[in-house]
Amino acid sequence: MKQSTSPFVLKCRVNGVSMERELPSSRSLLEFIREDLGLKGTKEGCGEGECGACLVLLDGRAVNSCLMMAVQVHGKELVTIEGIKGRDGGLHPLQKTFMAEGAVQCGFCTPGLIVASEALLRRRPKATLEEIKLGLTGNLCRCTGYEKVLSAVGKARKIKK
Ligand code: FES
Ligand code: FES
């Protein structure tokens with residue numbers, strides 16, 4: 001049977017702003033974010049749910065946007081890396097500690113790591129090192145060896161947002 005590509009009117013909030021957009025029901029969430037909204041901070045790595053580069057927050061929970069359809073965010077609150085900020089609208093504590101600890105090298109994995117860390121610290125503001133390691137198991141980084149990443153997330157726990 002032919003797959004339906006009929007248009008869908010998607011209503012949701014993206015980085016704090018309400019929006020409405022007509023799109024084909026076959027559009028992936030990752031395509032919607034990168035191509036339709038032009039928010040290129042969310043990366044496409046594996047496209048199969050294995051690397052975490054495409055993570056975004058959906059109602060506060062980290063999800064792989066490469067595995068979801070755009071229509072699944074209807075009525076929900078979507079936050080991409082562009083929407084993760086400090087209270088003053090500047091850098092978020094995680095962004096500051098990633099830079100300070102040298103946890104950003106090529107940077108391809110960094111948006112996904114920050115989204116995963118933010119989701120974890122919202123749930124567990126005093127997460128232990130083991131919990132941080134577990135929380136980041138879905139994120140691959142080929143550059144840093146992870147130690148600096150863990151240290152950056154550990155330090156961000158102590159900074160008030
Ligand atoms: S691009 Fe989505 S998990 Fe790799
Ligand atoms: S900094 Fe290059 S993949 Fe993580």
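Residues numbered from 1 in each chain as written. Chains lettered and ligands numbered in written order. Predicted model: local features only at pLDDT ≥ 70, side-chain atom pairs only at ≥ 80, totals over all residues. Heavy atoms only, no water.

A few words on the pattern of salt bridges. Within this structure, the stated rule accounts for seven salt bridges. A salt bridge links R13 to E77; the shortest N-O distance between them is 3.3 Å. Placement of the pair is R13 in strand β1 (residues 7–14) and E77 in strand β5 (residues 77–79), with a sequence separation of 64 residues. Judged by its relative accessible area of 33%, R13 is partly exposed. Here E118 and R122 are joined by a salt bridge, their closest N and O atoms 2.9 Å apart. Note that E118 and R122 are positioned in helix α3 (residues 110–123) at a spacing of four residues, about one turn of the helix. (Salt bridge = Lys/Arg side-chain N within 4 Å of Asp/Glu carboxyl O. Helix = DSSP H or I, 4+ residues; strand = E, 2+ residues; numbered from the N terminus. Buried < 20%, exposed > 50% of the residue type's maximum accessible area, 1.4 Å probe, protein only.)

What follows deals with α3. For α3, spanning 14 residues, the distance from its first C-alpha to its last is 20 Å, which sits close to the expected 20 Å at 1.5 Å a residue. Most of α3 is tucked away, with twelve of its 14 residues classed as buried. Within the sequence span of α3, burial applies to T110, P111, G112, L113, I114, V115, A116, S117, E118, A119, L120 and L121. For α3, the elements touching its buried residues are β3 (55–58), β4 (61–64), α2 (93–100), α4 (129–135) and α5 (147–156). (Expected span 1.5 Å × (residues − 1). Contact = heavy atoms within 4.5 Å.)

What follows is about the domain arrangement of the protein. Structurally, the protein comprises domain 1 (7–83) and domain 2 (93–156). When each unit is reduced to the centre of its C-alpha atoms, the spacing between domain 1 and domain 2 is 21 Å. Listed as interface residues are 14 residues of domain 1 and, on the opposing side, 13 residues of domain 2. For the pair domain 1 and domain 2, the summed buried area comes to about 1100 Å², and 69% of that belongs to carbon and sulfur atoms. If you sort the residues of domain 1 by the area they bury against domain 2, L55, L57 and I81 come out on top, with a joint share of 41%. The interface formed by domain 1 and domain 2 contains zero salt bridges. (Domains from an automatic or database assignment. Buried area = accessible area lost by both parts, 1.4 Å probe.)

Turning our attention to the packing of α2 against α5. Here α2 crosses α5 at 140°, and the two axes come no closer than 8 Å. Considering the angle they form, α2 stands oblique to α5. α5 is crossed by α2, and the crossing has right-handed handedness. In this structure, α2 uses P93, L94, T97 and F98 to contact α5, whose residues at the interface are V149, A152, V153, K155 and A156. In terms of residue class, the contact of α2 with α5 is built from seven nonpolar, one polar and one charged. (Axes fitted to C-alpha atoms, helices over the stretch in contact; angles between N-to-C directions. Parallel < 35°, antiparallel > 145°, perpendicular 65-115°, else oblique. Left-handed = near helix turned anticlockwise from the far one by under 90°. Nonpolar A, V, L, I, M, F, W, Y, C, P; charged D, E, K, R; others polar.)

Another aspect to go through is a nonpolar patch on the surface. Together, L91, M99 and V104 give the surface a local cluster of nonpolar side chains, amounting to about 270 Å² of exposed area. The residue M99 is located in helix α2 in this model. (Patch = residues over 30% accessible without salt bridge, like charges linked within 9 Å, V, L, I, M, F, W, Y side chains within 5 Å. Areas by Shrake-Rupley, 256 points an atom, 1.4 Å probe, with all protein chains shown as cover.)

A separate point is the layout of surface pockets. One number sums up the size of the largest pocket: a volume of about 170 Å³. Looking at the largest pocket, the residues that line it are G45, C51, G52, A53, C106, F108, C109, L140, C141, R142 and C143. The class makeup of the residues in the lining of the largest pocket is eight nonpolar, two polar and one charged. In terms of domain composition, the lining of the largest pocket takes at least three residues from each of domain 1 (7–83) and domain 2 (93–156). (1 Å grid on protein atoms, 1.4 Å probe; cavity = no way out; pocket = protein on both sides within 12 Å on 5 of 7 lines; lining within 4 Å. Points joined across faces, edges and corners; volume = space filled by probe spheres on them.)

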